Amino acid sequence: MLAALQARAAATARPGRVSLQLLHKGARGVRSSDARASSAVQPAQPSQPAAVSAVVQLDEAGFAVLPKELPSMRGVDFKQELDPRYAETIEVIIDGHPVQVQKGSSLIQACEQVGIQVPRFCYHERLSVAGNCRMCLVEIEKAPKPVAACAMPAAPGMKVFTNSPIVKKAREGVMEFLLANHPLDCPICDQGGECDLQDQSLFFGSDRGRTTESRRGVEDKNLGPLVKTVMTRCIHCTRCVRFATEVAGVDELGTVGRGNAMEIGTYVERMLDSEISGNIVDLCPVGALTSKPYAFTARPWELRSVESIDVLDGYGSNIRVDTRGGEVMRILPRLNEDINEEWISDKTRFAYDGLKRQRLDTPLIRPDPEMPLQPATWKDALTLVAQKFKATPGARIGAFAGPLADVESMLALKDLCNAFDSEAIHCDVPAGPLADCRAAYTLGSTIAGVEEADAVLLLSTDLKREAPLLNARLRRRVYHDGVRVASVGPRVPLTYEYEHLGDSVSQLLELANGTHPFCKVLAGAQRPLVLVGTGAYERTDARGVAWAVQKLVTSVPALIQDGWLGFGTVQPTAAAVGALDLGLTPLASSAAAGVGASDGAIAEPLGLVYLLGYDSIDLDRLSPDAFVVYQGHHGDVGAETADVVLPGSAYTEKVGTYANMEGRAQRTARAVSPPGEARDDWKILRAISELAGKPLPYAGVDGIRERLAAVAPQLADGTESIHAVSPDIAKAMLAVRASDKFDFDTKTPFASCIDNFYMTDAISRASTTMASCTKAFAK
Amino acid sequence: MALRAVREVRVLLCKGEASAGAKQFIVDKYAEIKKAHPLLPFLVREASGAAPTLTARFAHGVEKVVPLSGLSSADVAKKLSELGSASP
Ligand code: SF4
Ligand code: FES
């Protein structure tokens, strides 16, 4: 009887004990709710020691008696293979096991390398070491006191104990001090259920308090519309401060006062003006910093997570979409070292409320140009569009793909229009150098490769707004290695020092002709990098600028060499690279949007205009008798002008391929179903082709993927790899220039292609959170 | 090279030996082709593991595909001019 009772107690104790080990892993970036989720599938550890008694035992001091052996020690394979890159290892003895760890690592890293997770609050592998929470205390033989594992370098032969009674007692002491001032508001705290403090207090916390003093009160800070603060919960780990200064490059956030009076804040009240400020919400181990828009909306255990890709900019950040009951509740980053590491921009994180507003959920037809749009059936709407396709001569059909279009739908659009003999299929990208060569419109160096550059020239870009995380990488490069950055373009703060060479075409021409002093820097560099913002091509002299850029790129030999392509275009939209890969023609210049004539072709007024999520149509240049079809998910400008509206799906509602600015093809996942009668985008186009009597030669998903593999194999394989352009091809193709005579506009300064970071597409324009950010931050 | 009826040319290259000739062709002849047909989209795309092909698209979306695997630069030039003179 007693044995049976004990066995049951042991069984109930298991899940919790296993989760501690996983939980610390969770603290490294992915939230502990991941760990929670995976603990469900984790089999219970087989070799349990003596069963834990059902009743919690207390020692004389009144502390709960926990088992000697901590869960973090079990199931560790000490003979695991070491990464060959870290060839130089030293031997340390961790918990009695001699193990090889990488030379130069701290004890916390050494323990991690052999699979032991030391509890921590302030340590974060992407931030500098602060060593101020003391949660990671471990015992070292012959050391007089426990030491902080995060701040102690591992030395050869060191004997470390991570689970001795001293360690346990020390951590319990730390926890008791942390909790002495921490409010007991877990039931109303948004961090509840994914809080490191909550989780670790289960293992090191006492079941009763010994303090009689009242808790510390701290005023909440206003950090703007994104980050909610409850500063009494702060445990002063300073992760947020270190992130702001080291990664985001904003120095406003800091600590004031010391001891019991220490506070985190901005001293003079100030909002956190950074495009990546939302990451401090993830970093904060407690509920002091939480997401304002997400406040009180959901609990982590109610959420269903889907791994997906962000499409609101050209960066292709990996995200996790958390949903509940068919609604997107929040968006969190997912680790991808090659792209976003573990950060995402604020637009990626907070624009999701735009997915619920202004949605098109039923087909609409405008019965008469003077009348408003009326709801219709799919059959009527599609038949009407098909009729127009049949009735309009090919030369008068024009199609425009917007910034959020996925590759599959753009392929279907192009095939459909081609079948009706139309060649005017444009994408939302200004015409730069020839779209013939992939090196001309992608980021040749790759995103991670930016950190290898040793001299950087920026042209017409405000990198902090166009690609905040790319800018953060460049900042790291500047700070760690003192790389020289120069810019021809808007004089904007980039969070690091750079040389502003000017903002007019004359400087670009000097650079292209090799007469500018910065040419010497580029020529002397091993891995120079030229980053061009698409704002450079949104000008009347875009062709000349493209010519000058090509001339510059081909004149510095180190820019295109084996293993290094130092010429990159910072594409601001997720559709851009995919569209150009497929051969959709870029707009001759933004002024031409609406005419539909690509450079040199005879502009014939369009009779049928098909807008695939395209909202920047120039209405004045559209002929009044044009029939406009809008396919998309938001009732933005495009839908207002349309004669027929076909509701499509947003990126959280479909499986679509997108290529990011470096040309990496990734796929979104379907997290929720599209609203109302909205459909998958490429299927709508397929249906039109059927009704119009020229069915596209593919019907299912496999079919369109096969077609994609035939047209653009670099996008199709789904391996998420980049297919780099060979240097000899890039060199030969970029050397080709249409002519050498251009008129330059030296008056208009180079500008960024984005004027408001928070509103760049239909989704972020519909978002109220982004609207309040615009109000708070945009000039 | 007359490519009057052709609306778009797509050259797919792999990373291996099979498309060495085609690559050479692009390096040598791309400038010439572009000069003769400045407005013709001539897309060159590389992908490891892809079958090297030459695709020409004609009016009404009709496509003709020629495999380029193992062909020399001169062979590729011949294939392209054959496509150019072909009517869809
Ligand atoms: S607010 Fe959060 S992240 Fe910042 S110091 Fe306090 S506990 Fe740490
Ligand atoms: S993690 Fe080591 S002191 Fe905070």
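Presented here is a report on the structure given in the accompanying data block. The structure displayed is predicted, hence computed values, not measured ones.

The next point concerns the overall build of chain B. Across its full length, chain B holds two helices and four strands. When the helices and strands of chain B are listed from N to C terminus, the series reads β-α-β-β-β-α. Taken over C-alpha atoms, the radius of gyration comes to 12 Å for chain B, in line with the 12 Å a tight globule of 88 residues would show. Principal-axis analysis of the C-alpha atoms places the extent of chain B at approximately 30 × 25 × 20 Å. For chain B, the exposed surface amounts to about 3,900 Å²; the carbon and sulfur share of it is 56%. Computing the positive centroid from 13 side-chain charges and the negative centroid from 8, chain B places the two 6 Å apart.

As a further point, take the sheet that holds strand 11 (residues 318-324) of chain A. Residues and elements named next belong to chain A. With antiparallel pairing, the three strands of this open sheet are ordered in space as 10-11-12. Single-partner strands in this sheet number two, and they are strand 10 (304-309) and strand 12 (327-333). Taking each pair of neighbouring strands and ignoring which way they run, the sheet shows an average axis angle of 30°. In this sheet, strand 11 lies alongside strand 10 in antiparallel orientation, the contact comprising six bridges. Across the sheet, the residue bridging to Ile309 is Asn318, located in strand 11.

Residue and element names in this part refer to chain A. Between helix 4 (residues 165-180) and helix 5 (residues 196-204), whose axes approach to 10 Å, the crossing angle comes to 130°. Regarding the angle of helix 4 to helix 5, the classification is oblique. Judged by the sense of rotation from one axis to the other, the crossing of helix 4 with helix 5 is left-handed. Only Leu197, Gln200, Ser201 and Phe204 of helix 5 make contact with helix 4, whose side of the interface consists of Arg171, Glu172, Met175, Leu178 and Leu179.

Here the focus is the pairing of strand 12 of chain A. Both faces of the sheet carry side chains from a regular strand, because those side chains alternate between them. All names here are of chain A. In terms of burial, strand 12 is a largely internal element, six of the seven residues being buried. Pairing analysis gives six bridges linking strand 11 to strand 12, with the strands arranged antiparallel. Within strand 12, the residue paired with Arg324 across the bridge is Glu327.

With that out of the way, let us pick up the sheet that holds strand 3 (residues 137-140) of chain A. All names here are of chain A. Here five strands make up an open sheet; going across it, the order is 2-1-5-3-4 and the pairing mixed. Strands with a single pairing partner mark the edges of an open sheet, and in this sheet they are strand 2 (97-102) and strand 4 (147-148). Taken together, the two bridges between strand 3 and strand 5 (residues 159-161) define a ladder with antiparallel strand orientation. In the sheet register, Ile140 faces strand 5, and the bridge partner there is Val160. The strands that helix 4 touches are strand 3 and strand 5; relative to strand 3, the one it contacts most, it runs at about 155°.

What follows deals with the side chain of Thr238 of chain A. All names here are of chain A. Tracing the sequence through the fold places Thr238 in the loop between strand 6 (227-229) and helix 6 (239-248). You can call Thr238 buried: its relative accessible area is 10%. Here Thr238 is in contact with Ala130, Asn132, Thr255, Met262 and Ile264, once residues within four sequence places are set aside.

Moving on, we get to helix 5 of chain A. Within helix 5 of chain A, seven of the nine residues are buried, which leaves it mostly tucked inside the rest of the structure. For helix 5 of chain A, every residue scored as buried is listed here: Asp196, Leu197, Asp199, Gln200, Ser201, Phe203 and Phe204 of chain A.

Helix-helix packing: each pair is described by the crossing angle between the helix axes and the interaxial distance. All names here are of chain A. In contact at an axis separation of 9 Å, helix 15 (residues 542-555) and helix 21 (residues 727-734) are set at 140° when each is read in the N-to-C sense. Accordingly, the angle class assigned to the pair helix 15 and helix 21 is oblique. Here the hand of the crossing between helix 15 and helix 21 comes out left-handed. Counted together, Gln550, Val553 and Thr554 of helix 15 and Lys731, Met733 and Leu734 of helix 21 form the full contact between these two elements.

This next bit is on the site of ligand 1. In the vicinity of ligand 1, the contacting residues are Cys234, Ile235, His236, Cys237, Thr238, Cys240, Ile264, Cys284, Pro285, Val286, Ala288 and Leu289 of chain A. Grouping the amino acids of the shell around ligand 1 by side-chain chemistry returns ten nonpolar, two polar and no charged.

Another aspect to go through is the interface of chain B and chain A. Each partner contributes to the interface: chain B provides 28 residues, whereas chain A provides 32 residues. With both chains or domains summed, chain B and chain A bury close to 2,400 Å², and 51% of this area falls on carbon and sulfur atoms. Where chain B meets chain A, there are seven salt bridges. With a closest N to O distance of 3.7 Å, Arg45 of chain B and Asp581 of chain A form a salt bridge.

This paragraph deals with the pattern of salt bridges. Enumeration over the complete set of coordinates arrives at 52 salt bridges over all chains. Residue Glu8 of chain B pairs with Lys414 of chain A through a salt bridge whose shortest N-O separation is 2.9 Å. Placement of Glu8 of chain B in strand 1 (residues 8-13) and of Lys414 of chain A in helix 10 (residues 407-419) is noted, with the two residues assigned to different chains. Residue class for Lys414 of chain A comes out buried when judged on its relative accessible area of 5%. The residue Asp615 of chain A makes a salt bridge to Arg765 of chain A at a minimum N-O spacing of 3.8 Å. Of this pair, Asp615 of chain A sits in the loop between strand 25 (608-612) and strand 26 (627-632) while Arg765 of chain A sits in helix 22 (residues 762-766), placing them 150 residues apart in sequence. Residue Asp615 of chain A is classed as buried on the basis of its relative accessible area of 11%.

Moving on to unusual backbone geometry. Its identity as a non-glycine residue notwithstanding, Asp421 of chain A has a phi of 65°, on the positive side. You can see Asp421 of chain A is positioned in the loop between helix 10 and strand 16 (424-430). At His60 of chain B, a residue that is not glycine, the phi angle is positive and equals roughly 60°. Structurally, the position occupied by His60 of chain B is in the loop between strand 3 (53-57) and strand 4 (63-67).

Turning our eyes to something else, we now look at the environment of Val250 of chain A. Residues and elements named next belong to chain A. As for its position among the elements, Val250 is in the loop between helix 6 and strand 7 (254-256). For Val250, a relative accessible area of 8% corresponds to the buried category. Distance from Val250 to Gly157, taken between C-alpha atoms, is 41 Å for residues 93 residues apart in sequence.

Residues and elements named next belong to chain A. Counting residues in hydrophobic clusters, the biggest one holds 97 residues, and the most contacted among them are Phe243, Leu458, Leu463, Leu470 and Tyr651. The element that contributes the greatest number of residues to this core is helix 6, accounting for six residues. For Tyr651, the contacting residues outside a window of four places in its chain are Ile309, Asp310, Val311, Leu312, Ile319, Ile331, Leu355, Tyr658, Thr668, Ala669 and Ile763.

Here we take up the packing of aromatic side chains. All names here are of chain A. Under the criterion given, the structure shown has eleven aromatic pairs over all chains. Note on Phe389 and Tyr610: the rings are 6.1 Å apart at their centroids and 45° apart in plane angle, and the pair reads as tilted. Taken together, the positions of Phe389 in helix 9 (residues 378-391) and Tyr610 in strand 25 put the pair 221 residues apart, joining distant regions of the chain. Three or more aromatic residues joined by ring pairs make a cluster, and in this case those are Phe389, Phe420 and Tyr610. Its guanidinium or amino end placed over the ring of Phe420, Lys694 lies 5.1 Å from that ring's centre, counting from NZ or CZ.

So, about the environment of Leu612 of chain A. Residue and element names in this part refer to chain A. Mapped onto the fold, Leu612 is located in strand 25. Given the relative accessible area of 4%, Leu612 is considered buried. In sequence terms Leu612 and Glu141 are 471 residues apart; their C-alpha atoms lie 67 Å from each other.

With that settled, consider the environment of Pro586 of chain A. All names here are of chain A. Note that Pro586 resides in strand 24 (residues 585-587). Taking relative accessible area as the criterion, Pro586 reaches 17% and is therefore assigned buried. Distance in space between the C-alpha atoms of Pro586 and Pro430 is 5.5 Å, their sequence separation being 156 residues. Setting aside its immediate chain neighbours within four residues, Pro586 contacts His426, Cys427, Val429, Pro430, Ala431, Ala435 and Leu580.

Reading the values: rules and limits
Residues numbered from 1 in each chain as written. Chains lettered and ligands numbered in written order. Predicted model: local features only at pLDDT ≥ 70, side-chain atom pairs only at ≥ 80, totals over all residues. Heavy atoms only, no water. Helix = DSSP H or I, 4+ residues; strand = E, 2+ residues; numbered from the N terminus. Rg over C-alpha atoms; globule rule 2.2 N^0.38 Å. Areas by Shrake-Rupley, 256 points an atom, 1.4 Å probe, with all protein chains shown as cover. Lys, Arg positive; Asp, Glu negative; His and termini not counted. Charge placed at Lys NZ, Arg CZ, Asp CG, Glu CD. Pairing = 2+ DSSP bridges. Axes fitted to C-alpha atoms, helices over the stretch in contact; angles between N-to-C directions. Parallel < 35°, antiparallel > 145°, perpendicular 65-115°, else oblique. Left-handed = near helix turned anticlockwise from the far one by under 90°. Contact = heavy atoms within 4.5 Å. Buried < 20%, exposed > 50% of the residue type's maximum accessible area, 1.4 Å probe, protein only. Near = heavy atom within 4 Å. Nonpolar A, V, L, I, M, F, W, Y, C, P; charged D, E, K, R; others polar. Buried area = accessible area lost by both parts, 1.4 Å probe. Salt bridge = Lys/Arg side-chain N within 4 Å of Asp/Glu carboxyl O. Core = buried A, V, L, I, M, F, W, Y, C linked by side-chain atoms within 4.5 Å. Phe/Tyr/Trp six-rings, centres within 6.5 Å; stacked < 30°, edge-to-face > 60°. Lys NZ or Arg CZ within 6 Å of the ring centre and 35° of its normal.

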